[in-house]
Amino acid sequence: MPPRWVSGRDIKLLGFWVSPFVYRVIWALKLKGIDYEYIEEDIFNKSPLLLQLNPIHKKVPVLIHGDRVICESYVIVQYIDETWPHCPLLPQHPYERAMARFWAYFAETKLLIIIAIALCARGEVQERAVKQAMEAVEKIEGVVKGEKLFGGESIGYLDICLGWISYWLPGWEEVGGMQIIDPIKFPATSSWMNTFLHHPVIGDNLPARDAMIEYFQKRSKDISESDWFEGIIRLHLQP
Amino acid sequence: MAGSEVKVLGTWASPFALRVHIALGIKSVKYEWVEENLEAKSQLLLESNPINKQVPVLIHHHKPICESLAILQYIDEAWPSAPSILPSDPYHRAVARFWAAYIDHKWFTWLKGVASAEGAEAKKAALDQVREGLVVVEEAFGKCSKGKDFFSGDRIGYLDIVLGCFLGWLYVAEKRNDVKLLDEEKMPGLAAWAIKFCLDGAVKNVMPDKDELLDYANMVFQAMAMAKAKLNAPPNY
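I will try to describe carefully the structure that is included in this document.

What counts as what
Residues numbered from 1 in each chain as written. Chains lettered and ligands numbered in written order. Predicted model: local features only at pLDDT ≥ 70, side-chain atom pairs only at ≥ 80, totals over all residues. Heavy atoms only, no water. Buried < 20%, exposed > 50% of the residue type's maximum accessible area, 1.4 Å probe, protein only. Helix = DSSP H or I, 4+ residues; strand = E, 2+ residues; numbered from the N terminus. Pairing = 2+ DSSP bridges. Right-handed = clockwise from strand over helix to strand, strands pointing away. Contact = heavy atoms within 4.5 Å. Salt bridge = Lys/Arg side-chain N within 4 Å of Asp/Glu carboxyl O. Polar contact = N/O pair within 3.5 Å; in protein donor to acceptor, adjacent residues only side chain to side chain. Nonpolar A, V, L, I, M, F, W, Y, C, P; charged D, E, K, R; others polar. Phe/Tyr/Trp six-rings, centres within 6.5 Å; stacked < 30°, edge-to-face > 60°. Lys NZ or Arg CZ within 6 Å of the ring centre and 35° of its normal.

1. Side note on the pairing of strand β1 (residues 11-15) of chain A
Residue and element names in this part refer to chain A.
- Burial within β1 is extensive, with four of its five residues counted as buried.
- Relative to strand β3 (residues 62-65), β1 runs antiparallel, the two sharing four bridges. By the bridge assignment for β3, Leu13 is matched with Leu63.
- Taken together, the four bridges between β1 and strand β2 (residues 37-40) define a ladder with parallel strand orientation. By the bridge assignment, Leu13 is partnered in β2 with Tyr38.
- Taken together, β1, helix α1 (residues 20-31) and β2 form a β-α-β motif whose crossover is right-handed.

Next comes the structure, spelled out in C-alpha cells:
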C-alpha cells in the first residue's frame, strides 16, 4: 500500500474544477494511490491563500506537501514522481526521459497555445490557428504510432501532460466549431485518446462535460474580447 | 558511458547552446562541438532536430536530444557520478525547475522584448520589466543559495547554468541601451553571483567574450534595421 504520509506530511491540492493543468496533478496523485485534500479555488476571485502560495504566477495548480509548496503542473507531476517512486510516470532510461520532456514541452508551446487561439478566434485567424495546430498534431502522431500509450503499456508522464487532448480538445472543437483531430488523418492519436480516456483512473477523474462546454463558451468569448488577445496571436501564430 | 561519442550542435552566440557546453564541462565529458550556420543549416542538424531545426542538439550514442533544459537533465542522468547538476532532493529539484521556467518563459521573453520595443517609452517599459524580473530572481537567489556563492550552493548547478547563460546578452542589452540592468545596489546577490559564475572552471573557457557578442549583436540589429528600412522605403520609380 503506498504511503499516505511521508514523514507525517499532509498533502493538499489547490485547483480549479475545469483546469486541464490541475487534472494533470490529480491523475498523478490518483495513479500513485496518494491521498490528498482538494481545495477549490475561484480563479476569478483569487483567495489570499493562492496569492500567498503562488505570488509569482497567482495560478493553480499548487501542491502543498507539509511545509513545501510546489507550483507549475509539470513541475508538480515530476515532484510527485520523484517523492513517491512506485508506479513510475517518467521512463527509467535517460534518453526516454529526455524524449518525454521534449514532447511535453513541444505540446505545451507549439500545440496547446495555438489551440487556445483557435478556440477564441474566428474567421481567418482561426483558420490559420487550426492549420498550425494540425501541423503540430502530425508530429505527435509520429510519436504515438504503434504504441498503446506514450508510456507504453501504462500511463506515463507524457500521457498525463498530453491528457487534455483526449477530453478538453474535443470540447474546445465543439465550442470553436472546428475540427483538429481528424481520426482519418490522425488514427494513432485518436486511438491513444480512446485508450487514455478508458483508463479507470482517468475516466473517473474528469470534469462534467456539459458544465465544461458551458464554461469554455463564456470564457473563450471573454478572451476574444480582451485587450491582450491580439498580443498572444502576434506572439504565437505564424503569419 | 565513458568513451562514447558525444557531439553538440550549437552556435557560439546561442545562450541555450552555452548551457550544454557548461553542463558537459561540469561532468568532464569530452565532446565534439559542431558550429552551425543558422542561415545554412547542416544536414545533421535538420535530421537530428526535424521538429524545430534549432540548436542546441546533443547527440549521444547516435541519438539526438533537443531542448536545452531536457538536455541538461539528460546530461545529469546519463553521467550520474558527481558533481551533479540538479539537486538530489525532489523539493529542491522542483524549486530549480520552477525558477528555470520563470527565467526562460517570463524573464528571457522580456529581455527579447527590449530589442523589439519601438520608441523610447516602449523601450523604457521593456527595460523596467527586465529589471523587475531580476529583482524577483534576486529574492529566489537568496532563498536557494542560503548564503552560499551559487543557486546550487558551493558549486554551480542547474539554475546557475539556466540564468548564467544569459549574462552575455544581458550585457549586450545594457550597452546597446546605455542602462544598468544587473544593478549591484538593487541585486547585490546576483551581481556577486554573476562575477563568480563567469570565473567558474566550467564556464570561463566556453563563455563567449561579451564585447565580441556586442559586436555581433550590433551587426545583426543593424542588418535587421536596414532590411526593415528597405521594406518601408517608398518605391523607386
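Having seen the structure, we can now continue with the description.
2. Regarding the interface of chain A and chain B
- With 26 residues of chain A at the interface, the matching set in chain B holds 25 residues.
- At the junction of chain A with chain B, the criterion picks out five salt bridges.
- B:Glu77 is the partner of A:Arg97 in a salt bridge, and the nearest nitrogen-oxygen pair spans 2.9 Å.
- Where chain A packs against chain B, one counts five residue pairs in polar contact (both at pLDDT 80 or more).
- No other element matches the 11 residues that helix α4 (residues 94-120) of chain A contributes to the side of chain A that touches chain B.
- Of the residues in the side of chain A that touches chain B, the class split is 15 nonpolar, four polar and seven charged.

3. Topic: the packing of aromatic side chains
- Here the structure, examined in full by the defined rule, presents 29 aromatic pairs over all chains.
- Connected via pairs of aromatic rings, a cluster forms that spans A:Phe16, A:Trp17, A:Phe44, A:Trp164, A:Trp172, A:Tyr215 and A:Phe216.
- Over the aromatic face of B:Tyr171 sits the side chain of B:Lys210, whose NZ or CZ is 4.7 Å from the ring centroid.

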